[in-house]
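# A look at the structure
One letter stands for each residue in the lines below.
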Amino acid sequence: MPETPIDKALFEAAEAIRAKAYAPYSGFKVGAAILADDGRIYSGCNVENAAYPQGNCAEASAIAAMIAGGGKRITRIYVTGPGSEPVTPCGGCRQRIREFADLDVEVISHGVEGEPLRSTLGQLLPHSFGPEYLGK
Ligand code: THU
C-alpha cells in the first residue's frame, strides 16, 4: 500500500481516473498521477483506439494534463493497473517522463492487488537521452 500521505493522494488520483480508462481492446485499464512542480496532482488514463497504435498510455495522458494545466516538471509519478504485478511504464513512456523529470524522481508502479514498486527514473531508463543533449 502507499506509504506516505502524498503517495496515498497519488494512488487515489490514479485509481479514480483508472476507472474511466477506455481500454476495450486490451481490457487493461491503467491510471497515472503526477505530482508536479506547482504542487498540483495531474492524472490521466489509457485511451485505446481501433487502430491499435493510435492508443495513448495513461502516463502520456497525465503528462498532457500537466502541461495543459500549467505544470512544468514531474516531481513524482504513480502508475496503477490491474493484477498483483507492478505496472511499470512502457519504454516509450519512460522517455516521455524523462522529458519532464530529473533522473532521481521516484516512479511508483502498482498492480493494485499487490505491493507498489518504487524506482527512480534513472533506474528505469539508464544511460538515457534527454533535452540537455539538445541544449534544453
Ligand atoms: N499501458 C499504459 O497505459 N501504461 C503503461 O505503463 C503500460 C501499458 C496501456 C497501454 C494499453 O492501452 C494497455 O495498457 C495494454 O498495453
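Keep in mind that what you see is a predicted model, and the values were worked out from it rather than measured.

## Structural notes on the sheet that holds strand E2 (residues 41-45)
- Taken in spatial order, the 5 strands make up an open sheet running E2-E1-E3-E4-E5, and their pairing is mixed. Bordering the open sheet on either side are E2 and strand E5 (117-120), each of which pairs with just one other strand. Strand-to-strand twist in this sheet, taken as the mean axis angle between neighbours without regard to direction, amounts to 20°.
- Here strand E4 (residues 101-111) pairs with E5 via 4 bridges, running antiparallel. Residue pairing in the sheet places Val107 in a bridge with Ser119 of E5.
- Across the sheet, helix H1 (residues 5-18) is in contact with strand E1 (31-36), E2, strand E3 (74-81), E4 and E5; its angle to E3 comes to roughly 50°.
- Contacts from helix H2 (residues 58-69) reach E1, E2 and E3, with the element oriented near 140° to E2.

## A look at the environment of Ala36
- Residue placement: Ala36 occurs in strand E1.
- The spacing of Ala36 and Met66 is 30 residues in sequence and 7.3 Å in space, taken between C-alpha atoms.
- With sequence-adjacent residues up to four places away left out, Ala36 is seen in contact with Tyr42, Met66, Gly71, Arg73 and Thr75.

## Some remarks on the UniProt feature "domain: CMP/dCMP-type deaminase" (unreviewed entry) in the protein chain
- Cross-referencing UniProt, the feature "domain: CMP/dCMP-type deaminase" (unreviewed entry) maps to residues 5-132 in the present numbering.
- For residues 5-132, the end-to-end C-alpha separation is 33 Å, with 31% helix and 27% strand making up the annotated structure.

## Comments concerning the site of the ligand
- Taken together, Ser26, Phe28, Val30, Asn46, Glu48, Cys57, Ala58, Glu59, Thr88, Pro89 and Cys90 make up the full set of residues adjacent to the ligand.
- Asn46 places a side-chain nitrogen or oxygen 2.9 Å from an oxygen atom of the ligand.
- Interatomic distance of 2.5 Å between a side-chain N/O atom of Glu48 and an oxygen atom of the ligand.
- Protein contact buries 75% of the 370 Å² of open area that the ligand shows by itself.
- Residues of the shell around the ligand, tallied by class, amount to 6 nonpolar, 3 polar and 2 charged.

Rules used in this analysis
- Residues numbered from 1 in each chain as written.
- Predicted model: local features only at pLDDT ≥ 70, side-chain atom pairs only at ≥ 80, totals over all residues.
- Heavy atoms only, no water.
- Pairing = 2+ DSSP bridges.
- Helix = DSSP H or I, 4+ residues; strand = E, 2+ residues; numbered from the N terminus.
- Axes fitted to C-alpha atoms, helices over the stretch in contact; angles between N-to-C directions.
- Contact = heavy atoms within 4.5 Å.
- UniProt positions renumbered as here; feature names shortened; annotations may be inferred.
- Near = heavy atom within 4 Å.
- Polar contact = N/O pair within 3.5 Å; in protein donor to acceptor, adjacent residues only side chain to side chain.
- Areas by Shrake-Rupley, 256 points an atom, 1.4 Å probe, with all protein chains shown as cover.
- Nonpolar A, V, L, I, M, F, W, Y, C, P; charged D, E, K, R; others polar.

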